[in-house]
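Structural characterization, general
In case you want the letters, here they are:
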Amino acid sequence: ILLAEFHYYGSLRITIFFLLLVSYLITLIGNILIITTILGNRTLHTPMYFFLSNLSIVEIFVTSTVTPKFLSIIGFGNREISHWGCYFQCYFYFVLASVDFLLLAVMAFDRYVAICQPLNYVTVMNNRLCIFFTVFSWLFGFVDTLPTTIITYNIPICRPKVIDHFFCDIGPILKLACGDTSLIKLLILIASSLTVLGSLVCIAISYTLIIIVIFNIKSGGQRWKTFSTCSSHLILVFIFYSGSILMCLRSVKGFIFDFNRLAVVLNTIIAPMLNPFIYTLRNRQVKQAIKGYFNR
C-alpha cells in the first residue's frame with residue numbers, strides 16, 4: 001500500500017521535516033517529563049494528576065502512531081506501508097483517540113466533584129474509582145474500534161492501493177473499496193459519535209454544574225481562582241473537540257481530505273505537543289514539582 005505523495009520540495013520540504021521532527025521530540029520529552037514528575041512527587045499523587053499522567057501516556061502513543069511514518073514520507077519519500085501495518089496504524093489511531101476523549105470526560109467529572117462537592121472529594125474520587133475510570137477508558141477504546149476495523153479489513157479493494165492521506169485513515173481506505181460502503185460509513189459515524197459526542201455531553205454537564213457553583217461565589221477573586229483550576233483542561237477540550245466534531249459531521253456528506261488532514265495534525269501532533277505546556281505553564285503546583293525534580 002502507498003500513502004499520499006508529499007508535493008513540496010527543496011528548502012520548504014526540509015523546513016517542514018525539521019519542524020515536524022522538533023515537535024515530535026518536544027511531545028515525547030514534555031509528556032515523559034510530566035509522567036516522571038507526577039510519579040516522583042507525592043504531592044501530585046491525586047486523582048487529577050493520575051488522569052493527567054494517563055493522558056500523557058496516550059499522547060505519546062497517539063503521536064508515535066502517525067508522526068514517524070509522516071517523517072519517513074517527508075524526509076525519505078518512503079510511502080510504502082504493509083497491508084497489516086496499515087490496518088494496525090488505523091486501528092490504534094482510533095483506539096488512542098477514543099481513550100483521549102474518555103479521559104477528558106473523566107477529568108471533567110473530577111473537576112466537578114472537586115468544585116461542587118469538595119467535602120466528599122476524597123470519598124468519591126477514591127483509588128478504586130480512579131482505576132475503574134482509567135481501565136474502562138482503555139477497554140472501551142479497544143472494543144469500540146474493533147468491529148469497524150475488522151469489517152474494513154475484510155472489504156475487497158479493487159482500486160490502486162494508493163491512500164490519499166499521510167497515514168492509514170479509515171476514510172481514504174474506504175475510497176479504494178469495491179461496491180457500496182454506506183453501511184460501514186454509518187457504523188463509523190455511530191461509533192465515533194458515541195465516543196466524541198457522548199464524552200462531550202458528559203463534559204458539558206460537568207462544566208454547567210461547575211459554572212453554576214462558581215457564579216454563586218460572592219468573592220470575585222475566589223471565583224476566578226476556582227475557575228482557573230479548570231482552565232488547562234478546558235483548553236485541551238477545545239483543541240481536541242473543535243476538529244473532531246466537524247470530522248464526525250462531515251462523514252455524512254463524504255470525506256473532505258484537506259480538512260481531514262488538518263484535523264489529524266491538530267489532534268495527533270499539535271495537541272500532544274501543547275499538553276505539557278498547558279499543564280505546566282498554567283499550574284503552579286506542577287511547575288514547583290518539575291523545579292524540584294530538576295534540582296534533585
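All figures in this text were calculated on a predicted structure; none of them were measured in a lab. (Residues numbered from 1 in each chain as written. Predicted model: local features only at pLDDT ≥ 70, side-chain atom pairs only at ≥ 80, totals over all residues. Heavy atoms only, no water.)

The grouping of W84, F88, F92, F142 and V143 at the surface amounts to a nonpolar patch, some 510 Å² of accessible area in total. Elements that contribute at least two residues to the nonpolar patch include exactly α3 (83-116) and α5 (127-153). At 3 residues, the largest contribution of residues to the nonpolar patch is made by α3. (Patch = residues over 30% accessible without salt bridge, like charges linked within 9 Å, V, L, I, M, F, W, Y side chains within 5 Å. Areas by Shrake-Rupley, 256 points an atom, 1.4 Å probe, with all protein chains shown as cover. Salt bridge = Lys/Arg side-chain N within 4 Å of Asp/Glu carboxyl O. Helix = DSSP H or I, 4+ residues; strand = E, 2+ residues; numbered from the N terminus.)

Taking the numbering used here, the UniProt-annotated feature "transmembrane region" (unreviewed entry) corresponds to residues 12-36, 48-71, 91-109, 121-140, 186-214, 234-256 and 262-281. A helix fraction of 100% and a strand fraction of 0% characterise residues 48-71, whose end C-alpha atoms lie 34 Å from each other. Measuring from the first to the last C-alpha atom of residues 121-140 gives 25 Å, for a span that is 90% helix and 0% strand. (UniProt positions renumbered as here; feature names shortened; annotations may be inferred.)

Within soluble globular proteins, side chains that are nonpolar generally end up buried alongside one another. With 75 residues, the main nonpolar core has C168, I203 and Y241 as its most contacted residues. Take this core: its biggest share by element is 19 residues, from α3. Apart from residues no more than four positions distant in its own chain, C168 is found in contact with L3, I81, C86, Q89, C90, I163 and I173. (Core = buried A, V, L, I, M, F, W, Y, C linked by side-chain atoms within 4.5 Å. Buried < 20%, exposed > 50% of the residue type's maximum accessible area, 1.4 Å probe, protein only. Contact = heavy atoms within 4.5 Å.)

It is worth spelling out helix α7 (residues 182-215) at this point. Given 3.6 residues to a turn, an α-helix orients residues that are three or four positions apart in the same direction. The first and last C-alpha atoms of α7 sit 47 Å apart over 34 residues, in line with the 50 Å expected at 1.5 Å per residue. If you look at α7, its biggest bend is around 30°, right at S193. (Expected span 1.5 Å × (residues − 1). Bend = angle between axes of the 7 residues up to and from the residue.)

Scanning all chains against the criterion turns up 1 disulfide. Here C86 is linked by a disulfide to C168, with a sulfur-sulfur distance of 2.1 Å. Its torsion about the S-S bond being -120°, the disulfide of C86 and C168 is classed as left-handed. Here C86 is found in helix α3, whereas its partner C168 is found in the loop between α5 and α6 (170-174), with 82 residues between them in sequence. Residue class for C86 comes out buried when judged on its relative accessible area of 1%. By relative accessible area, C168 is classed as buried at 0%. Considering cysteine sulfurs only, C86 is the nearest to C90, which forms no disulfide, with 6.9 Å between them. According to the relative accessible area criterion, C90 is buried, its value standing at 2%. Counting only cysteine sulfurs, C230 is the nearest neighbor of C116, a cysteine outside any disulfide, at a range of 8.8 Å. (Disulfide = S-S within 2.5 Å.)

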